[in-house]
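# Architecture and fold: a report
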Amino acid sequence: MTSAQVDKGQPDGPESAEAVTAGEGYQRGLGARQIQMIAIGGAIGTGLFLGAGKAIDRAGPSLILAYAIAGLVIFFIMRALGELLMYRPVSGSFSEYAREFLGPFFGFVTGWTYWLFWVVTGITEVTAAATYMTYWWDIPQWLSALVFTVILYGANLISVKLFGELEFWFSMVKVTAIIGMILICAGVLTIGFSDAGDTATVANLWNDGGFFPEGIGGTLMTLQIVMFAFLAVELVGVTAGESKDPKTVLPKAINTVPWRIAVFYVGALIMILSVVPWSNFKPGVSPFVAAFEEMGLGIGAAIVNFVVLTAALSSCNSGMYSTGRMLRDLALNGQGPKAFTRLTRNGLPLAGTTFSAALMLVGVWINYQWPGEAFNYVVSFATISGMWAWIMILVCQIRYRARADRGELPQSSFKAPGAPFSSWFALGFIGLVIVMMAIDEDARISLYCAPLWGLILGVSYLTLKSRNPGNTSFAKR
């Protein structure tokens, strides 16, 4: 049963995409230009600007191959999502599809887990943004975090169009920075200017210990870092209920995934590692900053600091947007407080967004008071919870395709190529990443948190179900 059906008391059965969206009550305020940039920005974050330094140190130039293979998997995930979106474009899509194809419990778990993912991500990103501000001004970190949170919260309550406009410009900054870096590196390689001109060569990709200097094992151990960098690429699915002409805009945005990854990840790393030998990069230092320093362009550090600041604010902005929609979808299905169902005159989920923003502020305070391991344990859970959404997308697409092929559901106008085999391949790859996380001591803590969160959700679900025996949202299909 869809959100619209629960809200209106309609019977089960296939509905048109237009009917479902109209029943949700959202306004279509996101245009093609904004959707494209939301899709692009979702694939570019601090995982690339900062996290890639640690991955380069572990794998060397072979990190390029890791990003290329992971990028292919991300494309399979996004095409699987696209097939579902064209079948039925709804806001809160991940939990809605899990509810339809796997049952109410999985919809409950997916919705609350994705909500938690964005709350935790918002906490870390707004805190990171406050930290970046100290590069220019000596101001209290809590004050910057408070100002950023209030500004983004206000923007999300004005209109969905303003949210889209902020994301457009945040993404534009990130895209411009990467393209600028690629062009500068290309100039160093071809013309030979800057301090790195004499040593810059494509041969740096294999001269220092070969393409796999740390062996295949070193490359495999970077997979979790690589996949974490792509978290939030699925955000375009949450915008489905508020997109103008989703059947045209969303497929175009999803089909840009291959070239986005090819240019912004693979292309950027090829250029950087050609100009600067991989052994010169260190964990915890942005490869972009390190490359600028090697080329003698001191202004690069300030530029990258501004870029990672916008990347952090972009992620927090996306978190506020998606959490409100997820909470409303859960509430419409009786799996969350009824207060979260209400919309403002502009079609915005005020209660859900406010509740999530308040938790983000509490998280900033916690980080200020106890910046040690207790907070890091919570942060590490964001990674595994984000991948849960990918798993649900793939499993639901496999279930949907099987039912559509049997004639039980209408065929999607945007079929995933190679499915269901491509979806099974992506699931297997995610399984490999989870195994690598279990081996890696730094990432293992997130796997410890998952069973605890699952237990909390299981108890909560059974409690809600027992208190609402007549609610059809808890009935098995």
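Keep in mind it's a predicted model, so treat the numbers as computed, not measured.

This paragraph deals with the overall build of the chain. A count of helices and strands for the chain gives 21 helices and zero strands. A buried classification covers 57% of the 477 residues belonging to the chain.

This part is about a nonpolar patch on the surface. Nonpolar side chains collect at one region of the surface, where L65, I69, F212, I216, L220, L432, V435 and I439 lie side by side and expose about 620 Å² of accessible area between them. Residue assignment for the nonpolar patch shows that the elements contributing at least two residues are α6 (63-87), α12 (215-220) and α20 (421-439). With three residues, the top contributor of residues to the nonpolar patch is α20. Within the element layout of this structure, V435 appears in helix α20.

With that settled, the discussion passes to the packing of helix α9 (residues 141-158) against helix α10 (residues 160-190). The geometry of α9 relative to α10 is characterised by a closest axis approach of 7 Å and an angle of 130° between their N-to-C directions. With respect to α10, the axis of α9 lies oblique. Facing L152, A155, N156 and I158 of α9, the residues of α10 in contact are L162, F163, L166 and F170. Residue composition of the contact of α9 with α10, by class: seven nonpolar, one polar and no charged.

Moving on to unusual backbone geometry. The amide bond that connects A419 to the next residue, P420, takes the cis arrangement and shows omega of 5°. Note on placement: P420 falls in the loop between α19 (373-405) and α20.

Under the counting rule described, the total for this entry stands at eight salt bridges. A salt bridge links R88 to E96; its shortest N-O distance comes to 3.6 Å. With relative accessibility at 3%, the residue R88 sits in the buried group. For E96, a relative accessible area of 1% translates into the label buried. For D329, the salt bridge identified is with R99, shortest N-O distance 3.3 Å. You can see D329 sitting in helix α17 (residues 299-332) and its partner R99 sitting in helix α7 (residues 93-101), a full 230 residues away along the chain. When its relative accessible area of 2% is taken as the criterion, D329 is described as buried.

So, about the packing of aromatic side chains. Under the definition given, this model contains 22 aromatic pairs. Both rings, one in Y87 and one in Y400, keep their centres 4.7 Å apart while their planes meet at 35°; by these two values the pair is tilted. Residue Y87 is located in helix α6, and its partner Y400 is located in helix α19; the two are separated by 313 residues in the primary sequence. For Y87, a relative accessible area of 10% translates into the label buried.

One turn of the α-helix equals 3.6 residues, which is why residues spaced by three or four share an orientation. Most of helix α16 (residues 287-294) sits out of view: six of its eight residues are buried. If you check which residues of α16 are buried, you get P287, F288, V289, A290, A291 and F292. Immediately beyond the C-terminal end of α16, within one or two residues, lies G296, with a positive phi of roughly 75°.

In this section: α20. In a regular helix each residue adds 1.5 Å, so 19 residues correspond to 27 Å; α20 covers 27 Å between its end C-alpha atoms and thus fits that length. Inspection of α20 places S422, S423, A426, L427, F429, I430, V433, M436 and M437 among the buried residues, and these make up the whole buried set.

Next up on the list: the packing of helix α14 (residues 246-255) against helix α15 (residues 257-275). Contact pair α14 / α15: the axes reach a minimum separation of 5 Å and the direction vectors enclose 35°. From α14, A253, I254 and N255 reach across to α15, where they touch V257, P258, W259 and R260.

For L250, the location among the structural elements is in helix α14. In this structure L250 comes out as buried when scored by relative accessible area, which is 0%. On a C-alpha basis, the gap between L250 and L85 in space is 8.1 Å, while along the polypeptide they are 165 residues apart.

Quick look at the side chain of T323 now. Its location among the elements puts T323 in helix α17. Setting aside residues up to four positions removed in sequence, T323 forms contacts with W115, W118, V119 and S356.

Before going further, it helps to spend a moment on the environment of G51. With respect to the helices and strands, the residue G51 is situated in the loop between α4 (46-49) and α5 (52-59). Between the C-alpha atom of G51 and that of I225, which follows or precedes it by 174 residues, the distance is 7.2 Å.

If you trace the backbone, A443 turns up in helix α21 (residues 441-467). A443 gets classed as buried once you look at its relative accessible area, which sits at 11%. Sequence spacing of A443 and T383 is 60 residues, and the spatial spacing of their C-alpha atoms is 9.0 Å. If near-sequence neighbours (up to four positions away) are discounted, A443 is found in contact with Q224 and M437.

We now examine the confidence of the model for the chain. On average, residues of the chain carry a pLDDT of 80, and 83% of them reach 70 or more. Here helix α1 (residues 3-8) stands out as the element of the chain with the lowest mean pLDDT, 35, in contrast to α20, whose mean of 93 is the highest. Taken together, the stretch residues 1-23 has pLDDT below 50 and engages in 42 contacts with residues farther than four places along the chain or on a different chain.

Conventions we followed
Residues numbered from 1 in each chain as written. Predicted model: local features only at pLDDT ≥ 70, side-chain atom pairs only at ≥ 80, totals over all residues. Heavy atoms only, no water. Helix = DSSP H or I, 4+ residues; strand = E, 2+ residues; numbered from the N terminus. Buried < 20%, exposed > 50% of the residue type's maximum accessible area, 1.4 Å probe, protein only. Patch = residues over 30% accessible without salt bridge, like charges linked within 9 Å, V, L, I, M, F, W, Y side chains within 5 Å. Areas by Shrake-Rupley, 256 points an atom, 1.4 Å probe, with all protein chains shown as cover. Salt bridge = Lys/Arg side-chain N within 4 Å of Asp/Glu carboxyl O. Axes fitted to C-alpha atoms, helices over the stretch in contact; angles between N-to-C directions. Parallel < 35°, antiparallel > 145°, perpendicular 65-115°, else oblique. Contact = heavy atoms within 4.5 Å. Nonpolar A, V, L, I, M, F, W, Y, C, P; charged D, E, K, R; others polar. Phe/Tyr/Trp six-rings, centres within 6.5 Å; stacked < 30°, edge-to-face > 60°. Expected span 1.5 Å × (residues − 1). pLDDT = per-residue confidence, 0-100.

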